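Chain residues, written in single-letter form:
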Amino acid sequence: MLRRIGAEEGGELKAIASGTLPSGRPVVVNADGTVSVVAATSSSVGSTVTYNSGSTESKIGAAYDSNSNKVVIAYKDGANSNYGTAIVGTVSGTSISFGTEVVFLSSNNDDGGICFDSTNNKIVITTKDTGSGNDGKAFVGTVSGTSISFGSAVTYETNNPGHNRVEFDSVSGKVAVIYTEGSSPYQGRCRIGTVSGTSISFGTEANLTSSRPTGPAGVFNSDGKLVLSFRDYTNSLGKVMVGTISGTSISFGSETSLGVNCDPKVMVYDSSNDKVLILYADISSSEALTGVVATVSGTSVSVGTAVRINGSSNQSDLYVNGASYNASSGTIVTAFRDRDNSNQGTVVDITISGTSLTVGSETVFETGDTRFINTAYDSTAEKTVINFRDVDDSENGKALVYTSASENLTSENYIGMSRGVVSESALSIGATSVVNTGTNGGQAIAYDTNSNRVVIAYRDNSNYYGKAVVGTVSGSGITFGTPATFNAATTIGMQPSHGIAFDSSNNKVVIVYKDNGNSSYGTAIVGTVDPSDNSISFGSEAVFESAHTTFPNVTFDSSANKVLISYCDYGDSSKGKAIVGTVSGTSISFGSAAEFEGGDINHETLCSTFDSANNKVVIAYRDGGDSNKGKAVVATVSGTSVSFGTPVEFSATNFFNSSITFDSTNNKIIIVYGDNGNSNYGTAVVGTVSGTAISFGSTVVWNSSESARNSASYSSTADKTIVFFRSGANSDTGRLLELTTSGTSVTASSTQQFSATTTSASSSVFDPDNNVVVNAYIDEGNSTDLETVQVTGTTISRVELASGQAASMDIIGSISDNQIGLTAGQQYFVQTNGTIGETAATPSVLAGTAISATELLVKT
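Undergrad: I tried to follow unusual backbone geometry on my own but got confused; where do I start?
TA: Glycine aside, a negative phi is what most residues show, and trans is what most peptide bonds show. For the peptide bond that leads from Thr842 to Pro843, omega is 5 degrees, which places it in the cis range. Take Pro843: it is sitting in the loop between strand 79 (836–837) and strand 80 (846–850).

So this is what it looks like as structure tokens:
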């Protein structure tokens, strides 16, 4: 029931706010009648906790005990004679803690399963006792506090059972044990178990099928049907069928083929959509991890179209409970070992809609070699627990808490726009400061968040040496320390885009360049800022490419805590390559270089940025081997290695004068450039990263005249991308504008002048401590001095109501008059991040139609 306060007057509705409610934003009504601002959260990974020290094999899995609100992990303890062992975990926020390990089988064991019997409030574990005749045994466990105790083992199969799985049916209150028995070719079997106290009894063994299945997996739906899939030994096709329990027996309907040679791994029931997700290794396609939706009707089942879960191949390492349904996010959390990405532990949220699947962005939860991955959903904490073996850390058993991305907007719960004061402060251009007088030959800028200083690396054309200088930003300008030389030789290739980066894990800056004093080798150096006197000191130069290297740039990956250097290997046909750098003290070491483009990228268009929402680096470049088209590729850093997705074209014409940045509010990549195929007009395109792929919206012209030396930086304070450029239509003077992201497009503000003289080589960075974007540029009208200007983007201030206060909203048919920057006659849609935009989001929810720049007719 909507919690109204007072009467509706003039299209106004009052209700209690749940969470902070800013003015002028779209509002949704919650299930309890409160109202909230539209919001979306990104997925996140909590800290990793070790629960078993030794060679842990989680071949049994994990389950959530909803009676005790605990997670139980069962495994083979390699540090204790491979005994069957269980441990109880407690989730608190984004952390998990564990009790003491408990042995339930003092023998070697293999191929097990685990479930929670909510009728009897017991944990049921099945496994094969390989230390005693290979019998299949079941154990009933009772959780008490942070421990678990077990009754005596009950044998359910004496003929070498394999692939043992156990699932609970809440309708009949029974468990079903699914397994194969005998030797190859195996026979598929199922037994129905009834828990009583701390023991379990089983009915008569039932055949799954006459076709001799391998690797069966199953799950119950809310109608008490066991949906079961397997690989048909006789023809290698994947099959699925439905089982019906009657007492302690089970019978099966006819089989439905999945139509592909596959090995089913995990099945998950989506209770909101009443669908089953079958996850399998597609053997016909390098065992790629694939999903398909199954729909049950009576004793029959139909399947939708298969969808690749991961863009790479070799994704078969999905274990017994490698996926589970998250009721709070409405997604199926799937965790797997990514074999094509250095065996990293990876998790992704999958959403079912009808018979289709939508695969979210991947999150790496363990950068090392990860195996035996299982999941369990804690419905009280609304979190997913992932447990696994960390091969690179003594094969210890580890676990962590994963929070799925979520959003609260549906196609029906939008109610209107929040009232209250909204004000806007215009973009302002601050003070100009001189960094270095005289001739200069290019520069790059970074912001050191440890010392709260800007660092500018540049080539001093008086001697062509590479130098760097530290500056303190203030309202009156930037105060610089004494420049320090980092390369006492001709230094070339100071990329304005990203020739410098700040490593926040080591609090160091990394500068990359072409060292003409050393055979034009690609070189990097680590700098340490001293804020007491704005000085910078350097370690030794380190060569990352022992060949002629051009246009190197560097980006810091805060997920892997590494820098990624991308460059043109002029010594190898100008191919595009990248290499991972690891900072240690004042030194940097490198992994092996990897190629992302075999064509000629020998031009200053190469640029890169880090997507913190997807933990990926995106590299943009001009492909000289393909008509100079603009392309981008997604890079994944793992340890000291880097791998790439497939390059994607975003500009069919000559790509030139480029820059790239990451919009952290909208989680989008913004690329700006001069379109050489369209009179060098300033152009932008928005990219969306998903896994190892990137897709683009349509290109947008933001300046209909020649735009050169472009530099883009995202201001999280203004929620704008500020673009600096040299305007050909205005005597090559320095201009700037703002880009606002909406969906997969941007809109541009009017341009403003930041320099009345000819400018070149802009390089900009956002200073989060002073909320300004600092642009370093060459003032060609003033003896080519190196100068800076600081810009505060357009900011919007909104009055905010605290949670629990009475909120007023303009509802359907009324006019919301606290909007900013609307276009009259334009429809606006609610965006999942709590804004409104001209393009529909998913779901598509109409906010209203603008009748002026500040007025929105709500949801007409």
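Undergrad: Just checking my understanding: could you explain the environment of Ser574 for this structure?
TA: With respect to the element layout, Ser574 can be found in the loop between strand 54 (562–569) and strand 55 (575–584). As for Ser574 and Ser715, which are separated by 141 residues in sequence, their C-alpha atoms are 34 Å apart. Dropping the residues within four chain positions of it, Ser574 is found in contact with Cys568, Asp569, Gly599, Asp600, Ile601 and Asn602.

Undergrad: Looking at this structure, how should I read the layout of surface pockets?
TA: Gaps between atoms show up when a probe of the same size as a water molecule is rolled over them. Of the pockets and cavities examined, the second largest pocket occupies roughly 1300 Å³. Taken together, the elements giving at least two residues each to the lining of the second largest pocket come down to strand 41 (422–425), strand 69 (733–742), strand 70 (745–748), strand 74 (795–798) and strand 79. No other element matches strand 69, which puts six residues into the lining of the second largest pocket. Split by residue class, the lining of the second largest pocket holds 16 nonpolar, 24 polar and eight charged.

Undergrad: Even after reading the chapter, I still don't get the environment of Asp393, so can you show me in this structure?
TA: Within the fold, Asp393 resides in the loop between strand 37 (383–390) and strand 38 (396–403). On the basis of relative accessibility, which here comes to 30%, the residue Asp393 falls in the partly exposed class.

Undergrad: Would you take a moment to explain empty space enclosed by the protein for this structure?
TA: With the rule as written, the count across this model stands at one cavity of 30 Å³ or more. Considering the residues around the largest cavity, the lining is formed by Gln344, Val364, Thr367, Asp557, Ser559, Ala560, Asn615, Thr636 and Val637. Of the residues that constitute the lining of the largest cavity, the class distribution is three nonpolar, five polar and one charged.

Undergrad: Teacher, can you tell me more about the sheet that holds strand 4 (residues 35–37) here?
TA: Through backbone hydrogen bonds, the strands of a sheet pair up, either in parallel or in antiparallel fashion. Here we have five strands laid out as an open sheet, ordered 1-76-40-3-4, and antiparallel in their pairing. Bordering the open sheet on either side are strand 1 (12–16) and strand 4, each of which pairs with just one other strand. Going across the sheet, the axis of each strand differs from the next one's by a mean of 45 degrees, ignoring polarity. Examined bridge by bridge, strand 3 (residues 26–29) and strand 4 share three bridges and lie antiparallel to one another. Its bridge partner lying in strand 4, Val28 is registered against Ser36.

Undergrad: What exactly am I supposed to notice about the pairing of strand 27 (residues 275–282) here?
TA: Regular strands place their side chains on alternate faces of the sheet. Most of strand 27 is tucked away, with eight of its eight residues classed as buried. Pairing geometry for strand 26 (residues 256–270) and strand 27, over eight bridges, is antiparallel. Among the inter-strand pairings, Tyr269 is bridged to a residue of strand 27, identified as Val276. Remark: four residues form the turn of the hairpin made by strand 26 and strand 27, two consecutive strands paired antiparallel; Asp274 in that turn has positive phi of roughly 55 degrees.

Undergrad: Looking at this model, I keep getting lost on the pattern of salt bridges. Mind explaining?
TA: Once the charged atoms of two side chains with opposite charge are near each other, the side chains can pair. Enumeration over the complete set of coordinates arrives at 29 salt bridges. Residue Arg189 pairs with Glu205 through a salt bridge whose shortest N-O separation is 3.2 Å. Here Glu205 lies in the loop between strand 20 (199–202) and strand 21 (206–207) and Arg189 lies in strand 19 (residues 187–196), a separation of 16 residues in the sequence. For Arg189, a relative accessible area of 12% translates into the label buried. One salt bridge in this structure joins Lys577 and Asp569, with 2.8 Å as the shortest N-O distance. Accessibility assignment for this pair places Lys577 and Asp569 in one class, buried. Because the salt bridges share partners, they merge into one network encompassing Glu57, Lys59, Lys76, Asp110, Arg389 and Glu395.

What counts as what
- Each residue is numbered by its place in its chain's sequence as written, counting from 1.
- In keeping with the predicted nature of the model, local features appear solely for residues at pLDDT of at least 70, side-chain atom pairs appear and are counted solely at 80 or more, and the whole-chain, interface and lining totals rest on all residues.
- Just so you know, side-chain values use all the structure's heavy atoms and leave hydrogens and water out.
- Working definition: helices are DSSP H or I runs of at least four residues, strands are E runs of at least two. Numbering for both runs from the N terminus.
- We call two residues contacting when some pair of their heavy atoms lies within 4.5 Å.
- With a 1 Å grid spanning the protein atoms alone, the term cavity applies to any set of points in which a 1.4 Å probe fits but cannot get out, the term pocket to an open set with protein on both sides within 12 Å along at least five of seven lines, and the term lining residue to any residue with an atom within 4 Å of a point.
- Grid points are joined across faces, edges and corners, and a volume is the space filled by probe spheres set on the points.
- Residue polarity follows a fixed list, in which Ala, Val, Leu, Ile, Met, Phe, Trp, Tyr, Cys and Pro are nonpolar, Asp, Glu, Lys and Arg are charged, and the others, Gly among them, are polar.
- Each residue is placed in one exposure class: buried if its accessible area under a 1.4 Å probe, protein chains only, is under 20% of its type's maximum, exposed if it is over 50%, and partly exposed if it falls in between.
- A pair of strands counts as paired when DSSP detects no fewer than two bridges linking them.
- To define axes, lines are fitted to C-alpha atoms, for helices over the stretch in contact only, and angles between the resulting N-to-C directions are given on a 0 to 180 degree scale.
- Any Lys or Arg side-chain nitrogen found within 4 Å of a carboxyl oxygen on Asp or Glu counts as a salt bridge.

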